[in-house]
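Examination of the molecular architecture
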Amino acid sequence: MECPRPDGVAGSAPDPRRWWGLVVIALAQLMVVLDSTIVNIALPSAQRELGMSDTNRQWVITAYTLAFGGLLLLGGRIADLVGRKTTFMVGLVGFAVASGLGGAATGSGLLFGARALQGAFAALLAPSALSLLTTTFTLGKERGKAFGIYGAIAGGGSAIGLIAGGLLTEYLDWRWCLYVNVPVAAVALTGASVVLRDRPGRRHARLDVPGAALGCGGLVALVYGCSEAGPRGWSSGPVLGLLAGGAALLALFAWWQTRARHPLLPPHIVRDRTRAGSFLTMALTVIAMFGMFLFMTYYFQVVLGYSPVKTGMAFLPLTVTIVVGSTQISARLLHRLAPRLLMVPGALLVSAGLYLLTFLTARSAYATHVLPAELLVGLGMSLVFMPVTATATKGVAPHDAGVTSATVNTAQQVGGSIGTALLNTIATSATATYLTSRLADAARRNGGGAVPPAQRAAIVHDGVVHGFTVAIGIGAAIMLLTAAVAGLMVTARPPRPGPGPDGGGAAGVRDGAVVHEEHSEHGEHGEHGEHGEHGEEGGDREEGEEGKDGEHEAEGARGSVRRPSADPG
């Protein structure tokens, strides 16, 4: 089934079912994003029932993020080659099957394997969903609204997962945190078969197998090394070996992509300064944020004694703020302001919210510390996630939409894995240092005798919270770095006002033709221009012709818009 021509291009009409398509895409993306956190609150119950050790329980989370982050680039390229709609539907079916296996697990090994299988199919599903969104909504206001909804899901899905996990665990069973994906996937699959449209994949092209092995292997080694740093320590031989090996494989991957005929990640995707800045902004934001979700979950349940439902509901203000900010603020301003004018203030707001959490104590301080921090962080995330996603995927050639979307998701998943491992290690070390010092002091004050149980428990809670606040403080500093990266690297200009059909003017029609908006100060070329002249890496004549057609189509569209005005401005 062929993809509808972009809205606003002369001679085409918007797909009347595009908003129903957004519902399907959003439902699938929500399922993928919230699955990163929905099992967090259920993990203590699953651990007790399946007899997992404290050392091995982390694999319920890590197996998913490892497979997801390590295979995303491959999934994005498969979406480009096979077709986005086909890949999307295969991903839905596989994700549902893996969820059913995990829910029915009778042992920890089966649960770990099912979670890894979920991550593998999520790596097919997520990039195809984002690339379908990118090629369906291409003009200013509609694109802003669509990406506002998508950004709300990308930013708020993790918090929604915590709420859903609490409700399902307390009122049903921890297994329903996995079973719930089956009916959701069934609804999304039915909707996808009816309302989604896409052009066929490029079946004449070939998959970059060496690139897939190098890229996936490097990412898996890097994420696995970070996940092992918690129990083993950053200076341990296995961790250093994994990190060094992962870095070496990724360096080889980058070298190979400049020489491959059909690269897994075409170099021009990351050569664009604004797009590279968007990828880096996404990764740094998630590095800082994922630790907060983990720490606050333990703070609510372990330190304050909240139930699973109360823990989930404690995140509700954060979720609501993200959704409202993405749909009512970012979506309205994206087509009026330069993206960095949203990203930089957003990163600063997140940093301020995280800094406020560094003043937490073991005594309940929800109204005075947690709630204000959640509102600041939620508003900031809504100003970062939505424009980052929209800017990173803007102006990409249709045949590169899948791999570009996969790179956005890779930045998010790998950033989350690195952030969790990094900040968890910092928190654990700070807690251990605090406990060693304070318990020794307490023992001396008691004349060298044993510390009473009640006093010891209070010191342990204080130590745990101290570790959390130290790590969250590092997260606040990372968000300051994120603001600097977004301000210096994301140089895209705001859409030029004009008589375009959506109020976006000529710039909107250019986006509708899926032509990369040129940055004259850098002398960059549009994606279609590059492919039109050279094909993909100098090898693909058919793609080159597609690029030329895109250029001619865009010039015609620009001419049809500008012709009524004699003023070239």
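Preceding this paragraph is the structure being described.
The shown structure was predicted, so the numbers you read here are calculated from the model rather than taken from an experiment.

This paragraph deals with the packing of helix α12 (residues 273–303) against helix α15 (residues 340–357). One way to put it is that α12 packs onto α15 with a least axis distance of 12 Å and a crossing angle of 20°. Taken together, the axis directions place α12 and α15 in an arrangement best described as roughly parallel. When the axes of α12 and α15 are compared, the crossing they make is left-handed. Contacts between α12 and α15 involve Ser278, Ala288, Met289, Met292 and Met296 from the former and Met343, Val350, Leu354 and Leu357 from the latter. Residues of the contact of α12 with α15, tallied by class, amount to eight nonpolar, one polar and no charged.

The next subject is helix α10 (residues 237–257). For α10, spanning 21 residues, the distance from its first C-alpha to its last is 30 Å, which sits close to the expected 30 Å at 1.5 Å a residue. Buried residues of α10: Val239, Leu243, Gly246, Phe253 and Gln257, and no others. In a view along the axis of α10, the buried residues occupy a sector of 85°, so they form one face of it.

Moving on: the pattern of salt bridges. Within the structure shown, the criterion is met by two salt bridges. In this structure, Glu49 engages Arg175 in a salt bridge whose closest nitrogen and oxygen atoms are separated by 2.8 Å. In this pair, Glu49 is assigned in helix α2 (residues 38–50) and Arg175 in the loop between α6 (140–171) and α7 (176–179), connecting sequence segments 126 residues apart. Look at Glu49 and you get partly exposed, because its relative accessible area is 44%. A relative accessible area of 15% places Arg175 in the buried class. Of the charged contacts in the structure, one is a salt bridge between Asp462 and Arg363, with a shortest N-O distance of 3.3 Å. Taken as a pair, Asp462 in helix α18 (residues 453–489) and Arg363 in the loop between α15 and α16 (366–393) lie far apart in primary sequence, 99 residues in all. The partly exposed category is assigned to Asp462, whose relative accessible area is 21%.

The rules we used
Residues numbered from 1 in each chain as written. Predicted model: local features only at pLDDT ≥ 70, side-chain atom pairs only at ≥ 80, totals over all residues. Heavy atoms only, no water. Axes fitted to C-alpha atoms, helices over the stretch in contact; angles between N-to-C directions. Helix = DSSP H or I, 4+ residues; strand = E, 2+ residues; numbered from the N terminus. Parallel < 35°, antiparallel > 145°, perpendicular 65-115°, else oblique. Left-handed = near helix turned anticlockwise from the far one by under 90°. Contact = heavy atoms within 4.5 Å. Nonpolar A, V, L, I, M, F, W, Y, C, P; charged D, E, K, R; others polar. Expected span 1.5 Å × (residues − 1). Buried < 20%, exposed > 50% of the residue type's maximum accessible area, 1.4 Å probe, protein only. Arc of directions from axis to C-beta. Salt bridge = Lys/Arg side-chain N within 4 Å of Asp/Glu carboxyl O.

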